[in-house]
Amino acid sequence: MSTRSTVILGTGSYAPDRILTNEDLSKIVDTSDEWIRARSGIRERRIAAPDEATSDLAIRAAQRALEDSGIAASEIDLVVVATVTPDYPMPSTACFDVNAACSGFIYAMDTACAMLSSGRYTKALVIGAEKLSSIVDWQDRGTCMLFGDGAGAVVVGLSDTPGIGMIGTKLGALGEDTDLLYIPGGGSRLPSSAESIARGDQFIKMKGKEVFKLAVRIMEEAARDILEQHGLSAHQIDLVIPHQANLRIIDAIAQYLELPVERFFVNVDRYGNTSAASIPIALDEARRSARIKQGDLTLLVAFGAGLTYGSALIRW
Ligand SMILES: CC(C)(COP(=O)(O)OP(=O)(O)OC[C@H]1O[C@@H](n2cnc3c(N)ncnc32)[C@H](O)[C@@H]1OP(=O)(O)O)[C@@H](O)C(=O)NCCC(=O)NCCS
């Protein structure tokens, strides 16, 4: 087992060109820009082209992360993709896929860092990529306005400098609440059939209000737990990168952690919820817009279907 730190060497992200605004959505379902903005903070989301699959988005983000890191693709010996929208049910998108919904990126980072720390791998590409537009019910106004497509990636390597990089991760799940957010059909429990397709069982089902309340409580706890584990207080965090699900959820967490909302990176207004891609896209945008400087402490915190959750601390 290596005692070297696992560090982020580069980041990249990619969002498809097509923008679907709230105004555009109001022509598909009975909704309005005002309603969506007031309840979620979302203004628009990106939608992948019909011939663009999750792996196409993932590759674009990965290329940008490699370019940023200065590392050649040939040096990468581990690829982990977090997604709930793989190109195919079989095979996986990378050789190694993680399906932990909106917490997927933190789960994938923890997995990749553990594999690097084992000494058996040296450089990893960790990607969160989603084409959620392919699993959204475009007739359900309660869910379709929330989600979007995109991808984010990081190159992770090992460093001899102590105290930097991924200084801790915490993963968890509340297994009893699966039906609050899930896709009922198309798996082994309910294989696809003409009847299941006609019912729309292949699409995301969500109990929005319950998910909202749990998201706030669980993300606050996941943030507090990891800070406590490392003897840190919320005020020592320079930037929080929360899963981008809903601006009201982010505002509530900021309030409970007693942190100014300016300490939270927010781009949910432009992308909606991109599930496993949300944190790596935000991380990349935060780095490129100089919201993260050397020596900073960043907290990642996520919550998603499962119900899964996770938090991570990074010292740059
Ligand atoms: C989805 C969400 C924005 C809905 O907001 P809400 O304040 O809980 O609203 P409700 O679900 O109580 O709906 C209130 C009313 O608005 C209606 N409504 C729902 N979606 C609507 C839309 N897009 N446009 C207009 N009206 C809508 C509902 O039908 C309901 O009408 P009714 O009272 O006549 O039945 C909110 O619950 C949410 O964000 N939940 C968390 C979702 C999430 O983050 N999921 C991913 C986690 S990783």
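Right, let's walk through the structure included here. (Residues numbered from 1 in each chain as written. Predicted model: local features only at pLDDT ≥ 70, side-chain atom pairs only at ≥ 80, totals over all residues. Heavy atoms only, no water.)

Details of the overall build of the chain
Working step 1: The helix and strand inventory of the chain stands at 10 helices and 13 strands.
Working step 2: The C-alpha atoms of the chain give a radius of gyration of 19 Å, which matches the 20 Å a tight globule of 316 residues would have.
Working step 3: Projected onto its principal axes, the C-alpha positions of the chain cover 55 × 45 × 35 Å.
Working step 4: For the chain, long-range pairs separated by at least 24 residues make up 75% of all intrachain contacts whose partners lie at least 6 apart in sequence.
Working step 5: Summed over its atoms, the accessible surface of the chain is roughly 13,900 Å², and 50% of this surface lies on carbon and sulfur atoms.
Working step 6: One finds the centroid of the 31 positive side-chain charges in the chain at a distance of 2 Å from the centroid of its 40 negative side-chain charges. (Helix = DSSP H or I, 4+ residues; strand = E, 2+ residues; numbered from the N terminus. Rg over C-alpha atoms; globule rule 2.2 N^0.38 Å. Contact = heavy atoms within 4.5 Å. Areas by Shrake-Rupley, 256 points an atom, 1.4 Å probe, with all protein chains shown as cover. Lys, Arg positive; Asp, Glu negative; His and termini not counted. Charge placed at Lys NZ, Arg CZ, Asp CG, Glu CD.)

Remarks on the sheet that holds strand E1 (residues 5-14)
Working step 1: Spatial strand order, E1-E7-E6-E4-E5: 5 strands in an open sheet with mixed pairing. The open sheet has two edge strands with one neighbour each: E1 and strand E5 (96-98). Strand-to-strand twist of the sheet, defined as the mean angle between neighbouring strand axes without regard to direction, takes the value 20°.
Working step 2: In this structure, E1 lies alongside strand E7 (residues 149-159), joined through 9 bridges in antiparallel fashion. The residue of E7 that forms the bridge with Ser13 is Gly152.
Working step 3: Across the sheet, helix H3 (residues 54-69) is in contact with E1, strand E6 (124-131) and E7; its angle to E1 comes to roughly 125°. (Pairing = 2+ DSSP bridges. Axes fitted to C-alpha atoms, helices over the stretch in contact; angles between N-to-C directions.)

Focus on helix H8 (residues 247-256)
Working step 1: Of the residues making up H8, those classed as buried are Ile249, Ile250, Ala252, Ile253 and Ala254.
Working step 2: Taken together, the buried residues of H8 touch helix H7 (208-229) and strand E11 (239-242).
Working step 3: In this structure Asn246 caps H8, since a side-chain oxygen of it lies 2.7 Å from the backbone nitrogen of Arg248.
Working step 4: Immediately beyond the C-terminal end of H8, within one or two residues, lies Glu258, with a positive phi of roughly 55°. (Buried < 20%, exposed > 50% of the residue type's maximum accessible area, 1.4 Å probe, protein only. Polar contact = N/O pair within 3.5 Å; in protein donor to acceptor, adjacent residues only side chain to side chain.)

Topic: the site of the ligand
Working step 1: Around the ligand, a shell composed of 22 residues is seen, among which Thr31, Arg39, Arg141, Lys209 and Asn246 lie nearest.
Working step 2: One of the backbone N or O atoms of Arg141 is found 2.9 Å from a nitrogen atom in the ligand.
Working step 3: Lys209 is positioned such that a nitrogen or oxygen atom in its side chain is 2.8 Å from an oxygen atom of the ligand.
Working step 4: Isolated, the ligand exposes 960 Å² of accessible area, and the fraction of that covered by the protein chains is 74%.
Working step 5: Going through the elements one at a time, helix H2 (33-40), helix H5 (141-144), H7 and strand E12 (297-304) are the ones with two or more residues in the shell around the ligand.
Working step 6: The residue inventory of the shell around the ligand, partitioned by class, reads 11 nonpolar, 7 polar and 4 charged. (Near = heavy atom within 4 Å. Nonpolar A, V, L, I, M, F, W, Y, C, P; charged D, E, K, R; others polar.)

Structural notes on the pairing of E7
Working step 1: With 11 of its 11 residues buried, E7 lies for the most part within the structure.
Working step 2: Residues of E7 alternate between two faces, with Asp149, Ala151, Ala153, Val155, Gly157 and Ser159 on one and Gly150, Gly152, Val154, Val156 and Leu158 on the opposite face, all of them buried.
Working step 3: Relative to E7, E6 is paired through 8 bridges, and the arrangement is antiparallel. Bridge pairing links Val126 to Val154 in E7.

Quick notes on unusual backbone geometry
Working step 1: The linkage connecting Met90 with the following residue, Pro91, adopts the cis geometry, with an omega of 0°.
Working step 2: Positionally, Pro91 belongs in the loop between strand E4 (78-82) and E5.
Working step 3: With omega at -5°, the peptide bond leading from Gly306 into Leu307 counts as cis.
Working step 4: In this model, Ala101 sits at a positive phi of 50°, which is unusual for a non-glycine residue.
Working step 5: Looking at the element boundaries, Ala101 is found in the loop between E5 and helix H4 (104-117).
Working step 6: With relative accessibility at 10%, the residue Ala101 sits in the buried group.

Quick notes on the sheet that holds strand E13 (residues 308-315)
Working step 1: Strand order in the open sheet made by the 4 strands is E8-E13-E12-E11, with mixed pairing throughout. Single-partner strands in this sheet number two, and they are strand E8 (165-173) and E11. With strand direction ignored, the average angle separating the axes of adjacent strands in the sheet is 15°.
Working step 2: Sheet analysis places E8 next to E13, joined by 8 bridges and oriented antiparallel. Counterpart to Lys170 in the pairing with E13 is Ser311.
Working step 3: In this fold H7 packs onto E8, E12 and E13, with an angle of close to 145° to the strand it touches most, E12.

Some details on the nonpolar core
Working step 1: Core analysis: the largest hydrophobic core is formed by 51 residues, its most contacted members being Ile249, Phe264 and Phe303.
Working step 2: If you list the elements that add at least two residues to this core, you get H7, H8, E12 and E13.
Working step 3: Among all residues touching Phe303, those that are not within four sequence positions of it are Cys102, Ser103, Val211, Leu214, Ala215, Ile218, Met219, His243, Thr308 and Tyr309. (Core = buried A, V, L, I, M, F, W, Y, C linked by side-chain atoms within 4.5 Å.)

Some points on a positive patch on the surface
Working step 1: Where like charges cluster on the molecular surface, the positive patch consists of Arg39, Lys209, Lys213 and Arg248.
Working step 2: For Arg248, the location among the structural elements is in helix H8. (Patch = residues over 30% accessible without salt bridge, like charges linked within 9 Å, V, L, I, M, F, W, Y side chains within 5 Å. Salt bridge = Lys/Arg side-chain N within 4 Å of Asp/Glu carboxyl O.)

From the geometry alone we can't say anything about function, so treat these as descriptive.
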